[in-house]
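# Commentary on secondary and tertiary structure
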Amino acid sequence: MKLELNDSSLLKTKAFINGQWVDGDTGESFSVLNPATGAVVAEVASVGQAETARAIAAADAAMQSWKALPAGQRSEVLERWHGLIIDNIDDLAAIMTIEQGKPVFESKGEVLYGASYLKWFAEEGKRIYGDILPSAGDRRSIVIKQPVGVVAAITPWNFPNAMITRKAAPALAAGCAIVLKPAGETPLSALALAELASRAGLPAGLFSVLPSARSSSVGGEMTSNPTVKKLTFTGSTPVGKLLMKQCADTVKRTSMELGGNAPVIIFDDADLDLAVKGALVSKYRNSGQTCICANRLLVQEGIYDAFVEKFAAAVKEFRLGFGFDADTTHGPVVSAKALGDIDTIVQSAVKQGANVVTGGKPSALGHCFYEPTILTNVDDSMNIFSEEIFGPVAPVFKFSTEEQAISMANDTEFGLAAYVFTENVGRIWRVSEGIEYGMVGVNETAISSEVIPFGGVKESGQGREGSKYGLDDYLETKYICMGGLQR
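First things first, this report covers the structure right here in the doc. Residue positions are counted from 1 within each chain, in the order its sequence is given. Totals for whole chains, interfaces and linings use all residues, but because this is a predicted model, local features are given only for residues with pLDDT of at least 70 and pairs of side-chain atoms are given and counted only at 80 or more. Values reported for side chains reflect all heavy atoms of the structure, with hydrogen atoms and water molecules removed beforehand.

The subject of this paragraph is the overall build of the protein chain. A helix here means a DSSP run of H or I that spans at least four residues, while a strand means a run of E at least two residues long, and both kinds are numbered starting from the N terminus. Helix and strand counts for the protein chain come out as 13 helices and 20 strands. All radius of gyration figures rest on C-alpha atoms, and the globule criterion is 2.2 Å times the number of residues raised to 0.38. Compactness check: the protein chain gives a C-alpha radius of gyration of 23 Å against a globular reference of 23 Å for 487 residues, within 12% of the reference. Throughout this description, buried means an accessible area under 20% of the type-specific maximum (1.4 Å probe, protein chains only), exposed means over 50%, and partly exposed covers the range between. Scored against the burial criterion, the 487 residues of the protein chain give a buried share of 56%. By sequence separation, contacts in the protein chain at least 24 residues apart represent 73% of the contacts at least 6 residues apart. As presented, the protein chain carries roughly 18,900 Å² of accessible surface, and 52% of it is formed by carbon and sulfur atoms. Charge-centre separation for the protein chain: the mean point of 44 positive side chains lies 7 Å from the mean point of 56 negative side chains. Whether two residues are in contact is decided by their heavy atoms: any pair within 4.5 Å suffices. Using the Shrake-Rupley algorithm and a 1.4 Å probe, accessible areas are obtained, with residue cover drawn only from the displayed protein chains. Neither His nor the chain ends contribute to the count of charged residues, in which Lys and Arg are positive and Asp and Glu negative. For this purpose, a charge sits on NZ of Lys, CZ of Arg, CG of Asp or CD of Glu.

Pairing is mixed in the open sheet, where seven strands are placed in the order E14-E15-E16-E13-E12-E17-E18. Whereas interior strands pair on both sides, the edge strands pair on one side only; in this sheet they are strand E14 (355-358) and strand E18 (439-442). Direction aside, neighbouring strands of the sheet carry axes that sit 25° apart on average. Whether two strands pair comes down to DSSP finding at least two bridges between them. Inspection of the sheet shows E14 paired to strand E15 (residues 373-378) by three bridges, in the antiparallel sense. Bridging across to E15, Thr358 finds its partner in Ile374. Fitting a line to C-alpha atoms yields each axis, with helices limited to the stretch in contact; the angle taken between N-to-C directions then spans 0 to 180 degrees.

Core analysis: the biggest nonpolar cluster contains 81 residues, and Trp81, Ile85 and Phe207 have the highest contact counts within it. Examining the composition of this core, we find that nine residues originate from one element, helix H5 (residues 162-174), more than from any other. In this view, Trp81 contacts Leu118, Ala168, Leu172, Leu193, Leu196, Ala197, Ala200 and Phe207; residues no more than four positions away in its chain are not counted. In this structure, Val333, Ala349, Ile406 and Ala418 belong to the second largest nonpolar core, which totals 34 residues. By nonpolar core we mean a set of buried residues, namely Ala, Val, Leu, Ile, Met, Phe, Trp, Tyr and Cys, connected to one another through side-chain atoms within 4.5 Å.

Glancing now at the packing of helix H3 (residues 89-100) against helix H6 (residues 187-199). The contact between H3 and H6 brings their axes to 8 Å, and the two run at 160°. Here H3 is positioned roughly antiparallel relative to H6, judged by the angle of their axes. Remark: the crossing between H3 and H6 carries right-handed chirality. In contact with Leu92, Ile95, Met96 and Glu99 of H3, H6 contributes Pro187, Leu188, Ser189, Ala192 and Leu196. Counted by class, the contact of H3 with H6 contains seven nonpolar, one polar and one charged residues. When an angle is under 35 degrees it counts as roughly parallel; over 145 it counts as roughly antiparallel; between 65 and 115 it counts as roughly perpendicular; any other value is oblique. Crossings are classed by handedness, with left-handed meaning an anticlockwise turn of the near helix from the far one by less than a right angle and right-handed meaning a clockwise turn. Under this grouping Gly is polar, as are all residues other than the nonpolar Ala, Val, Leu, Ile, Met, Phe, Trp, Tyr, Cys and Pro and the charged Asp, Glu, Lys and Arg.

As for its position among the elements, Glu221 is in helix H7 (residues 215-224). In this structure Glu221 is buried but unpaired, with Lys252 as the nearest side chain of opposite charge at 8.5 Å. Ignoring anything within four residues of it in the chain, the contact list for Glu221 reads Gln49, Thr52, Ala53 and Ile56. What makes a salt bridge here is a side-chain nitrogen of Lys or Arg within 4 Å of a carboxyl oxygen of Asp or Glu, nothing more.

All we've got here are geometric facts, nothing functional implied.
Shown next, in the form of structure tokens:
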């Protein structure tokens, strides 16, 4: 499977530091694999601590003039970057599909989604307001907002475009510089974004991309370097906890979007067809590799059998295949390790008594393909109830009362997203307020966009991305007391 691009210069394999494409100091590289075939897509330069330190120093220098620009001028650069992404959507989607595996129609959707953050924060950056507080006598109290400083970002492989722009756009709009380490599985999307940012006129040093096979050396420099004032991370909860500990010594600001264990709660009075459709989209998007995907389907006993029947019939219509094939609905998971982890969870559930309605094993397509799977006869005593399943596996649990559903939903250390299907308005309020999650979709599972505050509670993280609230994480609040005004 050959990658064919309209603009071959978007396929970059070197690090992007201070506006230059460079190899790592040691000359090391690592392989980027196509998860659908196992073939090597590219050999990418691998950087370490020294290169990261240089990128941070360059970011600090570049930021001094960038933050002094009028917000409208920063906005113009972000708008140009947005336009170039839209103009090159086909190439960006192709790069994403070949390194991550998702069908190309999903990749195009992600590129549009990612670009929306640049458009949004290009406008929001113009609306960084302060306050004059009521004061007595000869003084006035002023509050202003200033950029937090150099930002370090670490992003995941499941959304290799949008998870970057969701961090870079508010940081740059606020007047910060950003140093990025993309996931080792999907660095090509990040490097293509850097190329387009450069073409858009983003000054050198403001956005550096550090691909690496040695994550700890890059991450260690990011967390220990005092020039970095904020770290933003999307990934697993264990890694997030480690990064927070490492940031403590320099008291960095952190934003963490971590693991999830999202319940979809479907009550007897729900629109069954709507619930099936919503659960399908939530569970199997990106082959189940999203942090807000349905991890536990909680279905009230009165409609349990009917839901499973309709749900299974729809899943059996899926078509696994290569991302560039027109009839493909779902692609591979990201790696052989990921496939092994998914199958371990499924086989453990089966040993504990779960029934396989459909799927339940690696696909005959080989490599990293796993059959879309539905499990029934599962309960909250099984490991699958508490484990995050980063794959196309839907365990369907049964509940009897509203109180039980809320208790089951909250019986997890995670609290990112949850979904509720019911036609009862009172129940909508009771359940939405009673479940411990940062985001709740009611009769809807497609809840994410640039205009909403994305983030979780409990061990799913801290901070919010997107919306007007997403800018706050990249700003410091400064109080200025002006006295002697009556003289």
